[in-house]
Amino acid sequence: LIPGPTTGDPVTPSRNPVTPSGDPVTPSRDPVNPSRDPVTPSGNPVTPSRDPVTPSRDPVTPSRDPVTPSGNPVTPSRDPVTPSGDPVTPSGNPVTPSGDPVTPSGNPVTPSRDPVTPSGNPVTPSGNPVTPSRDPVTPSGDPVTPSGNPVTPSGDPVTPSGNPVTPSGDPVTPSGNPVTPSGNPVTPSRNPVTPSGNPVTPSGDPVTPSRDPVTPSRDPVTPSGNPVTPSGNPVTPSGNPVTPLGNPVTPSRDPVTPSGSSVAPSGNPVTPSRDPVTPSGSSVTPSGNPVTPSGNPVTFTPSVTPVTEGPCFTYPSPCHSEATCNNISGSIICTCKSGYTGNGTLCTDINECNSNPCHEKGTCRNFPGHFTCTCDSGFTGNGTHCIDINECTVTPNVCLKSMMCENTLGGYDCKCRSGRVIVGNICKAVKTYAGRLSIKNLQYRPIYNNSQSKEYIELSNTMKHAIRELYQNTSYGDLVVDVLINRIYNGSIRVDYDVMFNSTATNITAESLNTELGQIVNAANGTVGNSLVLGQIEGGRLFIIEDKDECTTADPCDENAVCNNTDGSFVCRCHSGFSGDGLICTDIDECSTNPCHENATCENFPGNFSCTCKTSYTGNGTHCTGTLNYLYF
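Residues numbered from 1 in each chain as written. Predicted model: local features only at pLDDT ≥ 70, side-chain atom pairs only at ≥ 80, totals over all residues. Heavy atoms only, no water.

## A short note on the state of the cysteines
Cut-off, in case you're wondering: When two cysteine sulfur atoms lie within 2.5 Å, the pair is treated as a disulfide. Helix and strand labels come from DSSP, where a helix needs a run of H or I of at least four residues and a strand needs a run of E of at least two; each type is numbered from the N terminus. For every residue, the accessible area obtained with a 1.4 Å probe (protein chains only) is divided by the maximum for its type, and the residue is called buried under 20%, exposed over 50%, and partly exposed between those limits.
By the definition in use, this model includes 14 disulfides. Bridging Cys375 to Cys386, the disulfide has an S-S length of 2.1 Å. One disulfide, between Cys375 and Cys386, carries an S-S torsion of -95° and so falls in the left-handed class. Here Cys386 lies in strand β8 (residues 386-388) and Cys375 lies in strand β6 (residues 370-375), a separation of 11 residues in the sequence. Its relative accessible area of 6% is what places Cys386 among the buried residues. Note on cysteine connectivity: Cys591 is disulfide-linked to Cys602, with sulfurs 2.0 Å apart. The chirality of the disulfide connecting Cys591 with Cys602 is left-handed, given an S-S dihedral of about -80°. Taken together, the residues span a long stretch of sequence, with Cys591 in the loop between β21 (585-587) and β22 (600-605) and Cys602 in strand β22 at a distance of 11 residues. A residue is classified by how much of its surface remains accessible, and Cys591, at 18% relative accessible area, is buried. Residue Cys602 is classed as partly exposed on the basis of its relative accessible area of 30%.

In structure tokens, the structure reads:
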């Protein structure tokens, strides 16, 4: 036999309790499903606390609609809905039938729950429209700042009236220049300025850049409008500085008398170097005691005799004669004067010239205690700075009329034009022939490349004397004026030279010179001078002498002249319209002779002129006829 429960209730063969009708129950006799899950009397599943649930044990309403654990209804997929069945977000916020979230009032929102307008445009939490990037805009869609101030379409902030402002909200002009709230222009730092940009006070009065008041012409003034210096000190209406009481002062703000004489701050007169003097101008000490002309203090005695107070006034002086003595708190301080060096008891002159304080074209002279710099002759300046004097322009007639002036560093040269040489003090026309020869018993040295070297000058003089002697042995010797060495160059030693004869020697030719020189050289066995032996040059010749073409080597004529070469010389002729000797040509003013018709105007040009008939006349200028003007009625 199998014993039953002590209660006598029926059980299943596995000893699970059942209802009288055989349905399984819990030990407390609550009905369960076959798998022993508790159910309602009608067999619907419930929680252990008897709340109805879904077959998967999710809670449901009595009508079996699923709900949240708190009893709120949900969708079959467990999405919460409103009591009326409208879907909501997990937090209970309502959504549209398509699941789009909306505000509690039903307005749509973005997925991030940001509210939007019914048409989907984003708005602020208060419902004001915003840009897609959540920047607020006006109801009409115009952008505004986060604080609600309107901005331009490009996002630049503006005032409520639409005027542009800076990012910080300060108003600006339409072109973007900052202005005051009333629209007046200001500096970038918001200080008000005039329309032209000059700084002014808030009331529009001009001020300095540091905001100090100024006159309309920007001169600084006091707050009451009186002019002052840039440092704020008062000045007279004409701009001269004065003391705060209105007394005139020096430019350095030292007070002066009304007449301009220097005074001390207390009003006592002083010397130009600010040393105090008596009202009558006599020197006094800083304390006002009179002194002698040499500066020693005196006492008030009937005869005003010098006093000898203190160790600095003992004899002999403790300091050197070129030192100053100062008694400071009982101690004697000796200091050498300017231009001297030493310990004060012994002072020696400083020779400033040792440090070359003057210009390279200046001369330094040392004196006891000082020095001077003086520019050298031919230079001008203060000695520490000297520049060359161009004598040719400073003194136009420094050379003779027949000469040309050439400026040099520190001087000048007077030279004759080509084809002329200095004879005495004037330039004379000469006949010039170019020669060349070679000296084979002399060797060329590189130093001869420098025409300023001592060696070149010595050789040049030697050659000049030898060549001149050679020509003086001809029948034209008395007519030789000069020999000019043009070049000394390599080839043993070769020399190019010019020999010049008096222009009166009309019978000289290059051919006659070659004939006579050949005879002289052959007779001397090819030597010239004392010991110079001629070597062969072009064509085996010992020398060359030929006419010098001045017109090609160095045109000696005026730029308004033509040069014609002749044997031994040249001729210059001025162009038409110019007059002169050809070396100097001046324009002829043809208009001075009235070459034009009386009804024409004459205009002179360099070397020419033109005639032009006046208005109402026709012709070539030398003949003009009038034209008739008919009047019709």
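Structure's up, so let's keep going.
## Some details on the nonpolar core
Put simply, the test is: Definition used in this section: a nonpolar core is a set of buried Ala, Val, Leu, Ile, Met, Phe, Trp, Tyr and Cys residues joined via side-chain atoms within 4.5 Å. By definition in these notes, contact holds between two residues if any of their heavy atoms fall within 4.5 Å.
Grouped together as the largest cluster of nonpolar side chains are 33 residues, with contacts concentrated most on Leu437, Tyr471, Val495, Tyr497, Phe501 and Ile545. Among the secondary structure elements, those contributing two or more residues to this core are β12 (426-439), α2 (454-472), β13 (480-490), β14 (493-502), α3 (510-523), β16 (532-535) and β17 (543-547). In this view, Tyr471 contacts Gly477, Val480, Tyr497, Val499, Phe501, Leu513, Leu517 and Ile545; residues no more than four positions away in its chain are not counted. Counting residues in hydrophobic clusters, the runner-up holds 9 residues, among them Cys557, Cys572, Phe578 and Leu583.

## Comments concerning the pattern of salt bridges
The condition is simple: Take a side-chain nitrogen of Lys or Arg and a carboxyl oxygen of Asp or Glu: if they are within 4 Å of each other, that pair is a salt bridge.
Applying the stated criterion across every chain, the model contains 7 salt bridges. A salt bridge links Lys464 to Asp482; the nearest nitrogen and oxygen atoms lie 3.5 Å apart. Of the two residues, Lys464 is situated in helix α2 and Asp482 in strand β13; the sequence distance between them amounts to 18 residues. On the basis of relative accessible area, Lys464 is assigned to the partly exposed category, the value being 28%. With a closest N to O distance of 3.8 Å, Arg468 and Asp482 form a salt bridge. Taken together, the residues Arg468 in helix α2 and Asp482 in strand β13 connect sequence positions 14 residues apart. We classify Arg468 as partly exposed; its relative accessible area is 25%. The network of salt bridges with shared partners includes Arg436, Arg487, Asp496 and Glu538.

## Side note on the environment of Glu360
Here Glu360 is to be found in the loop between β4 (347-349) and β5 (362-367). For Glu360, a relative accessible area of 69% corresponds to the exposed category. Spatially, the C-alpha atom of Glu360 lies 8.6 Å from that of His385, the residues being 25 residues apart in sequence.

## So, α3
Heads up, the rule is: Multiplying one less than the number of residues by 1.5 Å gives the expected span of a helix.
Between its terminal C-alpha atoms α3 stretches 20 Å, which fits the 20 Å expected from 14 residues at 1.5 Å a residue. The complete set of buried residues in α3 reads Ala510, Ser512, Leu513, Glu516, Leu517, Gly518 and Val521. Where α3 is buried, its residues contact β12, α2, β14, β15 (527-528), β16 and β17. Directly after α3, the chain includes Asn525, whose backbone phi takes a positive value near 55°.

## So, the pairing of β16
Heads up, the rule is: We treat two strands as partners when DSSP finds at least two bridges between them.
Where β12 lies against β16, 2 bridges are found, and the strand directions are antiparallel. In the sheet register, Ser438 faces β16, and the bridge partner there is Gly535. Where β15 lies against β16, 2 bridges are found, and the strand directions are antiparallel. Within β16, the position partnered with Val528 by the bridge is Leu532. Between β15 and β16, which pair antiparallel and follow one another directly, the connecting turn spans 3 residues, one of which, Gly529, has a positive phi of 65°.

## Focus: unusual backbone geometry
Geometrically, the link from Tyr315 to Pro316 is a cis peptide bond, its omega value of -5° lying close to zero. With respect to the element layout, Pro316 can be found in the segment before β1 (323-328). Of note in this structure, Asn356 is not a glycine but carries a positive phi near 50°. Mapped onto the elements of the fold, Asn356 is located in the loop between β4 and β5. Looking at Asn356, the relative accessible area reads 63%, which means it is exposed.

## Things to note about the packing of aromatic side chains
What counts is decided by this rule: Note on aromatic contacts: the rings of Phe and Tyr and the six-membered ring of Trp form a pair at centre separations within 6.5 Å, being stacked when their planes are under 30 degrees apart, edge-to-face when over 60 apart, and tilted otherwise.
One pass over the full model with this rule turns up 4 aromatic pairs. Arranged with centres 6.1 Å apart and planes meeting at 70°, the rings of Tyr471 and Tyr497 form a pair that is edge-to-face. With Tyr471 in helix α2 and Tyr497 in strand β14, this residue pair connects regions lying 26 residues apart in the sequence. Here Tyr471 matches Tyr497 in class, with each residue buried. Ring plane angle 65° and centroid distance 6.2 Å describe the contact between Tyr471 and Phe501, whose orientation is recorded as edge-to-face. Residue Tyr471 is found in helix α2, and its partner Phe501 is found in strand β14; the two are separated by 30 residues along the sequence. What makes Tyr471 buried here is its relative accessible area of 0%. A residue is classified by how much of its surface remains accessible, and Phe501, at 0% relative accessible area, is buried. Grouping aromatic residues by their ring pairs yields a cluster made of Tyr433, Tyr471, Tyr497 and Phe501.

## Comments concerning the confidence of the model for the protein chain
Detail in the predicted coordinates should be disregarded across regions flagged by low pLDDT. As a reminder of what qualifies: As a per-residue measure, pLDDT tells how confident the predictor is, with possible values from 0 to 100.
Averaged over the protein chain, the pLDDT score is 79; the fraction of residues at 70 or greater is 78%. Counting contacts from residues 299-307, a segment whose pLDDT is below 50, to residues more than four positions away or on other chains yields 11 contacts.

## A closer look at the environment of Thr187
Relative to the helices and strands, Thr187 resides in the segment before β1. According to the relative accessible area criterion, Thr187 is buried, its value standing at 18%. The sequence separation of Thr187 and Pro199 amounts to 12 residues, and the corresponding C-alpha distance is 7.6 Å. Those residues in contact with Thr187, other than ones at most four positions away along the chain, are Pro178 and Val193.

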